[in-house]
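Residue-level listing of the chains:
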Amino acid sequence: MSLQARAVGGRILTGPFRALAALFAVAALLILYRLATGLGQVTAMNDGYPWGLWIAFDVVTGTALACGGYAVALLAYILNKGKYHPLVRPAILTSALGYTLAGMGVGLDVGRWWSVWRVPLFFWHWNFDSVLLEVALCIMSYMFVLWIELSPAFLEKMEQLGIPSLSRFAARTKPIVERYLLWLIALGILLPTMHQSSLGALMLIAGPRLHPLWNTGWLPLLFLLSCIGMGYAAVVFEAVMSSWVFKAEPERAMLAGLGSAIVPFGVIYVWLRFYDLAARGQLGALFALDLYSLLALAELGLVMLAVFILLSDARRQRLGMLFRAAVLFMAAGSLYRFDTYLVAFRPGDQWSYFPSVTELLITLGLVAGEIMAYIVIVKVFPILTLEKRHAAYHH
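The structure displayed is predicted, hence computed values, not measured ones. (Residues numbered from 1 in each chain as written. Predicted model: local features only at pLDDT ≥ 70, side-chain atom pairs only at ≥ 80, totals over all residues. Heavy atoms only, no water.)

**A short note on a nonpolar patch on the surface**
Next up, step 1: There is a patch of nonpolar side chains on the surface, built from Leu23, Val26, Val357, Leu361 and Leu364 and spanning about 400 Å² of accessible area.
Next up, step 2: Relative to the assigned elements, Val26 resides in helix H1 (residues 15–37).
Next up, step 3: Look at Val26 and you get partly exposed, because its relative accessible area is 40%. (Patch = residues over 30% accessible without salt bridge, like charges linked within 9 Å, V, L, I, M, F, W, Y side chains within 5 Å. Areas by Shrake-Rupley, 256 points an atom, 1.4 Å probe, with all protein chains shown as cover. Salt bridge = Lys/Arg side-chain N within 4 Å of Asp/Glu carboxyl O. Helix = DSSP H or I, 4+ residues; strand = E, 2+ residues; numbered from the N terminus. Buried < 20%, exposed > 50% of the residue type's maximum accessible area, 1.4 Å probe, protein only.)

**Considerations on the packing of helix H10 (residues 252–279) against helix H14 (residues 319–343)**
Next up, step 1: One way to put it is that H10 packs onto H14 with a least axis distance of 11 Å and a crossing angle of 35°. Crossing hand, H10 versus H14: left-handed. Residue-level inspection shows Arg252, Leu255, Ala256, Gly259, Ile262, Gly266, Tyr269 and Arg273 of H10 in contact with H14, the latter providing Leu319, Leu322, Phe329 and Tyr336.
Next up, step 2: The class makeup of the residues in the contact of H10 with H14 is eight nonpolar, two polar and two charged. (Axes fitted to C-alpha atoms, helices over the stretch in contact; angles between N-to-C directions. Left-handed = near helix turned anticlockwise from the far one by under 90°. Contact = heavy atoms within 4.5 Å. Nonpolar A, V, L, I, M, F, W, Y, C, P; charged D, E, K, R; others polar.)

**Quick notes on the pattern of salt bridges**
Next up, step 1: Going through the model one piece at a time under the given rule, you end up with five salt bridges.
Next up, step 2: Between Glu156 and Arg89 there is a salt bridge; the shortest N-O distance is 2.6 Å. Placement of the pair is Glu156 in helix H7 (residues 131–161) and Arg89 in helix H5 (residues 88–109), with a sequence separation of 67 residues.
Next up, step 3: Among the salt bridges present, the one from Arg273 reaches Glu299, with a minimum N-O distance of 2.9 Å. Pair noted here: Arg273 is in helix H10 and Glu299 is in helix H12 (residues 291–311), with a separation of 26 residues, a long-range link.

**A few points about the side chain of Gln196**
Next up, step 1: Summarising the element assignment, Gln196 is placed in helix H8 (residues 164–202).
Next up, step 2: Residues contacting Gln196, with those up to four places away along its chain left out, are Thr63, Ala64, Cys67, Tyr99, Phe223, Leu224, Cys227 and Arg337.

**What about the nonpolar core?**
Next up, step 1: Core analysis: the largest hydrophobic core is formed by 106 residues, its most contacted members being Tyr70, Trp214, Ile228, Tyr232 and Leu258.
Next up, step 2: Considering every element that reaches this core, the biggest residue donor is helix H9 (residues 219–245), with 14 residues.
Next up, step 3: Beyond its immediate sequence surroundings of up to four residues, Tyr232 is in contact with Ala71, Val72, Leu74, Leu75, Leu258, Ala261, Ile262 and Phe265.
Next up, step 4: If you look at the next biggest cluster of nonpolar residues, it comprises eight residues, including Trp54, Leu101, Leu108 and Ile362. (Core = buried A, V, L, I, M, F, W, Y, C linked by side-chain atoms within 4.5 Å.)

**Comments concerning empty space enclosed by the protein**
Next up, step 1: Per the counting criterion, the structure on display carries two cavities of 30 Å³ or more.
Next up, step 2: The computed volume of the second largest cavity comes to approximately 40 Å³.
Next up, step 3: In terms of lining, the second largest cavity is formed by Gly69, Tyr70, Ala73, Ile92, Tyr142, Leu146, Glu149, Ile185, Gly188 and Ile189.
Next up, step 4: When contributions to the lining of the second largest cavity are tallied by element, the ones reaching two or more residues are helix H4 (68–78), H7 and H8. (1 Å grid on protein atoms, 1.4 Å probe; cavity = no way out; pocket = protein on both sides within 12 Å on 5 of 7 lines; lining within 4 Å. Points joined across faces, edges and corners; volume = space filled by probe spheres on them.)

**A word on unusual backbone geometry**
Next up, step 1: A positive phi angle, close to 60°, is found at Leu289, a residue other than glycine.
Next up, step 2: As for its position among the elements, Leu289 is in the loop between helix H11 (283–286) and H12.
Next up, step 3: When its relative accessible area of 59% is taken as the criterion, Leu289 is described as exposed.

**A word on the packing of aromatic side chains**
Next up, step 1: This model, assessed by the stated rule, comprises 16 aromatic pairs.
Next up, step 2: Ring geometry for Phe57 and Phe338: centres 6.3 Å apart, planes at 40°, overall tilted. Of this pair, Phe57 sits in helix H3 (residues 53–65) while Phe338 sits in helix H14, placing them 281 residues apart in sequence.
Next up, step 3: Judged by relative accessible area, which is 23%, Phe57 ranks as partly exposed.
Next up, step 4: A network of ring pairs unites the aromatic residues Trp51, Phe223, Tyr269, Tyr336 and Tyr341 as a single cluster.
Next up, step 5: When the ring centre of Phe223 is taken as origin, the NZ or CZ atom of Arg337, which lies over that ring, is 4.7 Å away.
Next up, step 6: Its guanidinium or amino end placed over the ring of Tyr292, Arg346 lies 5.5 Å from that ring's centre, counting from NZ or CZ. (Phe/Tyr/Trp six-rings, centres within 6.5 Å; stacked < 30°, edge-to-face > 60°. Lys NZ or Arg CZ within 6 Å of the ring centre and 35° of its normal.)

**Some thoughts on the state of the cysteines**
Disulfides are covalent bonds that link the sulfur atoms of two cysteine residues.
Next up, step 1: In total, this model carries zero disulfides according to the counting rule given.
Next up, step 2: With no disulfide of its own, Cys138 lies closest to Cys67 among cysteine sulfurs, the gap being 12 Å.
Next up, step 3: What makes Cys138 buried here is its relative accessible area of 5%.
Next up, step 4: A disulfide-free cysteine, Cys227 has its sulfur positioned 3.9 Å from the sulfur of Cys67, the nearest such atom.
Next up, step 5: The exposure class of Cys227 is buried, given its relative accessible area of 0%. (Disulfide = S-S within 2.5 Å.)

Spelled out as structure tokens, the structure:
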């Protein structure tokens with residue numbers, strides 16, 4: 001099987017693509033309304049819950065699901081597992097799109113959005129003791145790093161178009177990108193390590209307002225461990241979905257290898273959760289069978305079920321089982337983040353929060369836009385290394 005990345009090709013304006021475009025158009029109109037009228041008119045957030053769906057999902061959960069580029073880079077470059085290199089481009093693409101969505105989520109959540117341009121210029125006013133500042137700077141920086149890492153695919157396409165001016169530009173630019181690619185990769189590993197752990201550290205300031213099942217000094221490490229496992233799971237999910245949608249054959253051996261890479265992170269995560277709860281005397285709360293107990297048990301149960309599936313080499317060789325395990329791990333990590341930032345955060349009985357219809361539609365539309373961008377890029381640019389199963393399939 002050829003490992004050469006290539007454009008998938010085929011029609012872009014399909015029926016599903018138009019449906020996604022409609023969702024994105026609705027979200028775009030609602031975003032304009034939000035920017036014109038303020039947060040209070042479109043969200044259910046309040047003084048007790050100043051962060052809502054846009055932070056909990058678009059940023060905290062979205063960036064963890066978008067850690068595929070980070071996780072695969074750890075394998076391909078740090079652990080020198082060169083066999084995973086064909087997965088780097090699709091992993092970086094999903095990461096770049098996910099972090100772009102997170103950047104938009106941060107922008108939507110800023111009250112005085114028209115003053116955002118002041119932040120990078122007036123750096124002497126920064127609060128260097130703020131974890132939130134570090135998270136924001138790292139997320140935005142990593143977003144740009146990811147698109148630069150992906151730029152060789154765009155430059156290759158320029159060379160193939162046969163337009164002299166674009167070919168010359170690509171020929172001049174590619175050596176520059178390749179010369180500094182090693183430093184970009186190093187930065188692309190450092191930045192997620194910093195801000196993913198900091199997303200956990202950020203909730204330490206909640207103190208007693210965070211339920212004891214989640215309020216632990218291990219939050220930074222738990223967020224980091226789970227995001228790496230979620231990154232591998234997201235790459236498996238994307239690869240299997242792409243193979244089904246484009247009627248192609250994925251690299252089964254590499255995906256099975258990623259499945260095995262999820263296992264140690266899942267095992268350490270579960271062990272650390274139980275150890276921490278036991279050390280803090282909260283095991284009783286874990287089995288209290290109230291809402292918080294059931295949610296925590298669901299998190300742990302989903303991880304353990306994913307690990308059980310992936311422990312067997314025979315199950316890892318089956319795309320369906322790999323896909324199920326990946327979905328389970330992604331769901332577990334997402335639930336853990338939602339619980340930490342929203343459900344287990346208790347500012348007081350006088351406060352409550354549930355996302356408004358506008359918040360839900362904007363988030364749904366942004367996700368639709370992310371999927372649209374993925375479809376366009378993989379069909380036009382050399383990203384995937386899929387091989388067609390049968391000549392009868394045409395896309």
